[in-house]
Amino acid sequence: MSSLNTRSDRLWRSLEEAAAEPGFLASVAQEFPQLAASLGKPVDRRQVLKLMGAVLIMNGLQACGSKFGGELIPAVKIPPNIIPAMPNFYASAHVLDGYASGIVVKHNMGRPIKVDGNPNHPASLGAADVFAQAQLLDFYDPDRAAGLSRQGIPSDRASLEKALEAQRSALSGSGGTGLRLLTGTVTSPTLAGRIDAVLERYPEARWVSWDPISRSGVRQGAALAYGRPLETRLRLERADVLVAIDGDLFDTDPGRSRHARDFSSRRNPSRTAEMSRVYAIESTPTLLGSVADHRFIAGPAEIIGITAAMADLILGSSAADSGAAQGRAMAGVPPWLGPMVADMKAARGRVFMHIGASQPPRIHALAHAINEALGARGETFELIEPVAHMSGRQQELRELIADMQGHRVESLLILDSNPVYAAPADWGYAEALRQVPFSLALSRRADETGRSATWFVPRAHDWEAWSDARAYDGTAGVLQPQSLPLYDGMSELELLGRYIESAPADSEAAVRATWQARMTGDFEIRWREALAAGVIPGSASPTSHAALRAAPARTSPELPGGGADALSVLFRADPSLWDGRFANNPWLQELPRPLTKLVWDNPLLISPALAHELELHNGDVARLSIGQASVLAPVWILPGQARHCITALLGSGRRFAGSIGDGQGVDYTPLLALPGTPKLTKTSGHVDLASTVHHNLLLETPPEILRHGTLAEYRANPRFAADSDHEPHLYRTVPPGPAVWAMSVDLNACIGCNACVIACQAENNISVVGKSEVLREREMHWLRIDRYFEGSATAPQSFLQPVLCMHCEEAPCENVCPVGATVHDAEGLNVMVYNRCVGTRFCSNNCPYKVRRFNFFAYGREQYRPAESWNPDVTVRARGVMEKCSYCLQRIAEARIAADRDSLPVGEVKTACQVACPTQAFTFGNLADPSSAVSQRKQSPLDYAMLEKQNTRPRTTYEALVRNPNPAIAADLPPPAPGRAPA
């Protein structure tokens with residue numbers, strides 16, 4: 001450091017600044033990159049004036065940062081049907097692995113800015129999962145491919161058209177010998193028609209349908225049971241008893257949003273006559289297992305044995321010696337199995353047994369036989385004709401690879417699939433692809449497969465082209481474009497059309513032609529009605545009357561090899577990244593995973609017992625080996641994991657996902673589908689894993705946070721969760737405004753799916769901060785879902801609780817703010833005046849709920865989110881201010897303006913989290929209206945306020961959680977104390 005007497009020609013605030021020490025410059029460069037370059041350099045008068053002007057602007061307008069960079073260019077031609085400042089809404093669908101979920105896209109001045117669910121669509125009923133909502137960022141993703149290429153060299157449309165013409169000519173002469181199509185699951189009637197047309201034109205061609213997150217076991221199990229791959233339509237609202245074995249009803253099932261809605265309708269005893277009972281048997285925690293009344297932990301081999309024992313107990317009456325069958329079934333099985341099966345039999349006709357998609361076909365066939373024997377068909381589920389398109393000339397991916405290796409494939413079209421990354425490495429797809437003379441990959445970006453194919457062609461986003469798709473129950477909807485193409489993309493319909501004729505009909509004409517032949521009456525009227533509603537009436541798959549075959553009841557599932565202590569690995573879809581297709585989406589990368597609260601990583605999930613056995617801690621790097629293949633990965637200890645079971649989440653470790661997803665996490669595909677017993681070995685490495693599980697801890701006694709009890713306790717005392725002086729949590733100080741806003745959250749409905757978190761982020765322009773900032777506890781989500789446990793670490797009970805700003809009547813934050821930045825408005829909302837905030841963070845320190853977020857950096861200007869996707873009705877907060885949930889004040893303002901315009905009372909307002917939630921856990925509204933839904937919810941005997949003894953009088957209250965355990969099983973287990981929250 002220079003001497004204290006050293007003269008400086010500029011003002012300074014510290015010795016480090018005066019001496020321009022490297023450490024100080026590095027610190028300034030991190031926070032103020034524009035100023036760092038000027039430090040230590042001569043400063044002239046012009047530069048001083050610039051800096052002074054910047055300081056004045058930052059002090060006066062620090063909370064009003066510009067959302068856009070560069071010049072603003074007005075529209076040369078205003079889009080049709082645009083009313084300035086008024087939004088437009090257009091129905092469409094989000095398609096994942098072929099199955100559609102209805103959405104409504106909100107536009108502002110012709111620009112898509114928000115996705116919500118379509119209440120008319122049977123798969124969504126107005127809800128929208130995380131993938132549907134994050135579709136907005138995928139649309140504006142700057143890493144989307146803007147041009148096509150040939151062998152990695154940029155090319156043009158004319159060259160592609162010439163190449164396709166040569167292909168069409170050559171294939172016509174050979175009848176399509178050597179032509180293969182590779183797609184995912186196809187439910188689109190129009191795309192199915194194009195595929196069939198290609199196969200008809202080229203009789204020797206073959207079609208391969210393959211998904212990394214496969215449901216082939218489900219289809220093969222149905223084929224074993226009924227002779228063909230029928231599908232099921234569930235009626236969970238009718239189920240008194242639900243048994244899920246390695247179940248994925250809320251995780252990966254095509255109808256997950258609808259299933260969650262129907263499931264939750266039977267879970268709150270204050271609103272349903274009979275509460276359902278849920279059993280979950282699983283090796284690794286799932287969303288359904290987290291909310292089950294009984295969760296039983298079993299390894300993969302044990303699950304197969306338990307299912308076989310259940311089949312013996314339920315189907316054993318058909319055996320010659322039913323007593324011997326029952327004795328055989330109960331040998332070596334857990335003691336809870338008998339009472340559970342008895343409960344299933346007692347609920348005949350009102351029971352359903354669900355099997356996860358990863359289970360083998362024989363287990364699915366057994367489940368069909370059990371459901372039929374218990375009278376579930378026609379009550380809790382229906383068999384329907386296949387929703388996915390089938391063809392007599394289909395191949396499996398392994399067959400395609402064999403043909404490629406044998407030089408029997410001359411031309412390969414890969415439509416929106418990435419097998420070079422996602423297919424098991426041992427299958428050799430990447431090497432086989434090099435043997436194909438002509439390959440064309442149609443994908444949204446130049447991914448691993450696109451870079452390996454002869455031709456890469458950008459795929460048009462679903463919002464840029466016409467198409468259609470079916471929901472889980474077969475109901476069809478039209479995908480209509482939401483924008484002119486941002487890039488020069490091509491749709492699957494357009495590409496396949498060029499293999500049929502030189503000038504095929506465009507995608508809109510093709511979709512119209514599909515439905516013109518199927519709609520009755522005036523087509524134009526029916527067509528416009530279908531576009532407006534988002535569904536095509538009467539298009540659901542018909543019910544099948546196929547009879548159950550006798551074979552499934554006699555099926556003996558094969559047990560996996562290895563001893564009782566042998567390790568097993570479960571490969572599962574990442575709950576945020578799926579199979580890797582969403583790896584470049586920053587919202588989803590930073591979305592805390594429901595079960596671990598991890599972000600930006602996918603470590604191996606192991607049990608506490610295995611961690612103790614191998615002396616592993618969170619973040620320690622281990623080597624997972626199967627045969628000669630191995631992967632290095634950090635580990636994360638997950639309570640409730642089966643002892644010798646390891647879970648590997650797919651979708652990370654991408655090499656060509658984009659600037660966000662490249663290199664994030666670990667790629668486990670080298671270990672997929674390998675025979676042999678896994679081996680886990682500790683190494684010397686360690687990785688810092690970002691998880692929000694320890695962030696925003698509430699250090700209060702448990703009953704003050706999350707209250708829960710049993711159905712028996714509720715029936716004995718419906719107000720068991722309330723304090724002795726309980727009264728409905730209504731306003732004590734009534735605001736002077738025309739409305740009184742409040743919220744109720746039903747803990748019985750929350751399944752922890754994170755739809756509310758993403759909806760809040762999209763609606764309120766909440767920034768992504770990156771892994772390094774999350775490690776410093778600086779994530780910006782306004783809404784979080786806390787996960788608690790009770791009991792032992794090996795087999796705990798799980799509890800979920802959404803937490804957001806409580807909008808307290810006596811808000812502790814307001815008393816300590818020195819500049820009056822957080823205040824109450826006339827309608828009782830706790831609001832933030834961003835221009836006043838100077839970032840003292842006193843309010844955050846004084847908040848007992850820990851729901852405030854501070855902008856340590858200018859996150860809004862980071863390149864994690866394109867400016868075009870911002871919601872123009874919400875301020876983009878700048879560095880140095882505090883922000884939090886506002887009850888979607890912009891939506892309240894919109895309703896207030898409409899009421900003033902029409903001289904009416906303020907109407908219904910729904911927050912973003914409320915709209916997105918598939919289970920309707922959130923209820924928001926006007927407490928001044930006694931007939932409003934929120935007023936009714938707050939009259940519930942289960943209503944309580946979190947941290948009520950703090951006397952903050954929160955306007956957000958909760959309905960306590962009630963579980964319905966089987967008394968015959970619960971008697972053998974230590975029951976939780978009434979009203980106690982998990983440790």
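Basis of the calculations
Residues numbered from 1 in each chain as written. Predicted model: local features only at pLDDT ≥ 70, side-chain atom pairs only at ≥ 80, totals over all residues. Heavy atoms only, no water. Helix = DSSP H or I, 4+ residues; strand = E, 2+ residues; numbered from the N terminus. Buried < 20%, exposed > 50% of the residue type's maximum accessible area, 1.4 Å probe, protein only. Contact = heavy atoms within 4.5 Å. Areas by Shrake-Rupley, 256 points an atom, 1.4 Å probe, with all protein chains shown as cover. Core = buried A, V, L, I, M, F, W, Y, C linked by side-chain atoms within 4.5 Å. 1 Å grid on protein atoms, 1.4 Å probe; cavity = no way out; pocket = protein on both sides within 12 Å on 5 of 7 lines; lining within 4 Å. Points joined across faces, edges and corners; volume = space filled by probe spheres on them. Nonpolar A, V, L, I, M, F, W, Y, C, P; charged D, E, K, R; others polar. Arc of directions from axis to C-beta. Pairing = 2+ DSSP bridges. Phe/Tyr/Trp six-rings, centres within 6.5 Å; stacked < 30°, edge-to-face > 60°. Lys NZ or Arg CZ within 6 Å of the ring centre and 35° of its normal. Axes fitted to C-alpha atoms, helices over the stretch in contact; angles between N-to-C directions. Expected span 1.5 Å × (residues − 1). Salt bridge = Lys/Arg side-chain N within 4 Å of Asp/Glu carboxyl O. Polar contact = N/O pair within 3.5 Å; in protein donor to acceptor, adjacent residues only side chain to side chain. Parallel < 35°, antiparallel > 145°, perpendicular 65-115°, else oblique. Left-handed = near helix turned anticlockwise from the far one by under 90°.

**A look at the overall build of the protein chain**
Link 1 in the chain: A tally of regular secondary structure across the protein chain gives 32 helices and 39 strands.
Link 2 in the chain: Looking at the protein chain residue by residue over its 983 residues, the buried ones come to 58%.
Link 3 in the chain: Sequence-distant contacts in the protein chain: of pairs separated by 6 or more residues, those separated by 24 or more amount to 75%.
Link 4 in the chain: Total accessible area on the protein chain is roughly 40100 Å²; 53% of this is exposed by carbon and sulfur atoms.

**Side note on the nonpolar core**
Link 1 in the chain: Counting residues in each nonpolar core, the largest one holds 146 residues, and the members touching the most others are Leu-680 and Phe-922.
Link 2 in the chain: Membership of the second largest hydrophobic core comes to 40 residues, among which are Ile-195, Val-478, Val-511 and Ala-530.

**A word on empty space enclosed by the protein**
Link 1 in the chain: If you walk through the whole model with that rule in mind, you get 12 cavities of 30 Å³ or more.
Link 2 in the chain: Its boundaries defined by the atoms lining it, the largest cavity holds a volume of some 930 Å³.
Link 3 in the chain: Taken together, 45 residues make up the lining of the largest cavity; nearest its centre are Asp-416, Arg-444, Arg-459, Glu-492 and Arg-581.
Link 4 in the chain: Of all the secondary-structure elements, those providing two or more residues to the lining of the largest cavity are strand 1 (87-96), helix 5 (130-140), helix 16 (419-422), strand 18 (467-470) and helix 19 (492-500).
Link 5 in the chain: Across the lining of the largest cavity, the residue classes break down as 16 nonpolar, 15 polar and 14 charged.
Link 6 in the chain: Size it by volume and the second largest cavity reaches roughly 420 Å³.
Link 7 in the chain: In terms of lining residues, the second largest cavity is bounded by 27 residues, among which Arg-215, Val-218, Thr-232, Asp-253 and His-354 are the most central.
Link 8 in the chain: Those elements that provide at least two residues to the lining of the second largest cavity are helix 8 (216-226), strand 8 (231-234), strand 12 (351-355) and helix 14 (361-373).

**Overview of helix 8**
Link 1 in the chain: Buried within helix 8 are the following residues: Gly-217, Gly-221, Ala-222, Ala-225 and Tyr-226. Projected down its long axis, helix 8 carries its buried residues within an arc of 145 degrees, all on one side.
Link 2 in the chain: Positive phi shows up at Gly-227, right after helix 8, with a value of about 90 degrees.

**Regarding the sheet that holds strand 38 (residues 956-959)**
Link 1 in the chain: The strand order 36-29-38-37 describes an open sheet built from 4 strands, whose pairing is mixed. Each edge of the open sheet is held by one strand with a lone partner, namely strand 36 (922-926) and strand 37 (943-944).
Link 2 in the chain: In the sheet, strand 29 (residues 741-746) pairs with strand 38 via 4 bridges, with the strands oriented parallel. Pairing of Ser-744 across the sheet is with Thr-957, part of strand 38.

**Here we look at the packing of aromatic side chains**
Link 1 in the chain: Overall, the coordinates contain 13 aromatic pairs when judged by the stated rule.
Link 2 in the chain: A cation over an aromatic ring shows up here: Arg-654 above the ring of Tyr-421, its NZ or CZ 5.1 Å from the ring centre.
Link 3 in the chain: Its end group placed over the ring of Phe-854, Arg-841 keeps NZ or CZ at 4.8 Å from the ring centre.

**Side note on the sheet that holds strand 11 (residues 294-297)**
Link 1 in the chain: With parallel pairing, the 4 strands of this open sheet are ordered in space as 11-10-9-12. Two strands in the sheet have a free side with no partner beyond their single neighbour: strand 11 and strand 12. Sheet twist, expressed as the average angle between the axes of neighbouring strands with direction ignored, equals 10 degrees.
Link 2 in the chain: With 5 bridges connecting them, strand 9 (residues 241-245) and strand 10 (residues 277-282) associate as parallel partners. Looking at strand 10, one finds that Ala-244 is bridged to Ala-280.

**Concerning helix 6 (residues 157-174)**
Link 1 in the chain: Between its first and last C-alpha atoms helix 6 spans 26 Å; for 18 residues at 1.5 Å apiece the expected length is 26 Å, and the two agree.
Link 2 in the chain: For helix 6, the complete set of buried residues consists of Leu-160, Ala-163, Leu-164, Gln-167, Arg-168 and Leu-171. Buried positions in helix 6, seen along its axis, are confined to an arc of 140 degrees and lie on one side of it. Every exposed residue of helix 6 that faces more than 90 degrees away from the buried side is listed here: Ala-158, Lys-162, Ser-169 and Gly-173.
Link 3 in the chain: Of the surrounding secondary structure, the elements contacted by the buried residues of helix 6 are strand 6 (179-183), helix 7 (189-201), strand 15 (411-415), strand 16 (438-443), strand 17 (455-458) and helix 19.

**What about unusual backbone geometry?**
Link 1 in the chain: A positive phi angle, close to 50 degrees, is found at Gln-151, a residue other than glycine.
Link 2 in the chain: When you line up the elements, Gln-151 lands in the loop between strand 4 (149-150) and strand 5 (153-154).
Link 3 in the chain: On the accessibility criterion, Gln-151 (55% relative accessible area) is exposed.
Link 4 in the chain: Phi angles above zero are rare outside glycine, and His-807 is one such case at about 50 degrees.
Link 5 in the chain: Relative to the assigned elements, His-807 resides in the loop between strand 31 (797-803) and helix 27 (812-816).

**Let's talk about the pattern of salt bridges**
Link 1 in the chain: Following the criterion strictly, the structure yields 49 salt bridges and no others.
Link 2 in the chain: In this structure, Asp-97 engages Arg-581 in a salt bridge whose closest nitrogen and oxygen atoms are separated by 2.8 Å. Of this pair, Asp-97 sits in the loop between strand 1 and strand 2 (99-108) while Arg-581 sits in the loop between strand 20 (568-573) and helix 22 (586-589), and the two are 484 residues apart along the sequence.
Link 3 in the chain: For Arg-581, a relative accessible area of 33% translates into the label partly exposed.
Link 4 in the chain: Note that Arg-937 and Glu-959 form a salt bridge whose closest N and O atoms lie 3.7 Å from each other. Of the two residues, Arg-937 is situated in helix 31 (residues 933-937) and Glu-959 in strand 38; the sequence distance between them amounts to 22 residues. Neither Arg-937 nor Glu-959 differs from the other in exposure class; each is buried.
Link 5 in the chain: Sharing partners across several salt bridges, the network here consists of Arg-157, Glu-161, Asp-488, Glu-494 and Arg-498.

**Quick notes on the environment of His-695**
Link 1 in the chain: Mapping His-695 onto the fold places it in the loop between strand 27 (690-691) and strand 28 (708-710).
Link 2 in the chain: On the basis of relative accessible area, His-695 is assigned to the buried category, the value being 8%.
Link 3 in the chain: Sequence separation of His-695 and Val-774 is 79 residues, and the distance between their C-alpha atoms is 9.5 Å.
Link 4 in the chain: Discounting residues that sit within four places of it in the chain, His-695 has contacts with Val-774, Glu-777 and Glu-779.
Link 5 in the chain: Among the polar contacts made by the side chain of His-695, one reaches the side chain of Glu-779 at a distance of 2.9 Å.

**Let's talk about the packing of helix 7 against helix 20 (residues 507-516)**
Any two packed helices are characterised by the angle at which their axes cross and by the distance between the axes.
Link 1 in the chain: Where helix 7 meets helix 20, the closest approach of the two axes is 9 Å, and the angle between their N-to-C directions is 100 degrees. By the angle between their directions, the pair helix 7 and helix 20 is classed as roughly perpendicular. Packed against helix 7, whose contacting residues are Pro-189, Thr-190 and Arg-194, the element helix 20 presents Ala-510, Val-511, Thr-514 and Trp-515 at the interface.

**A short note on the packing of helix 7 against helix 19**
Link 1 in the chain: The N-to-C vectors of helix 7 and helix 19 enclose an angle of 20 degrees; their axes lie 9 Å apart at closest approach. As the angle between them shows, helix 7 and helix 19 are arranged roughly parallel. Between helix 7 and helix 19 the crossing geometry is left-handed. For the pair formed by helix 7 and helix 19, the contact residues are Thr-190, Leu-191, Arg-194, Ile-195, Ala-197, Val-198 and Arg-201 on the first element and Glu-492, Leu-493, Glu-494, Leu-496, Gly-497, Tyr-499 and Ile-500 on the second.
Link 2 in the chain: Tallied by class, residues from the contact of helix 7 with helix 19 come to 8 nonpolar, 2 polar and 4 charged.

Nothing here speaks to function; it is all geometry.
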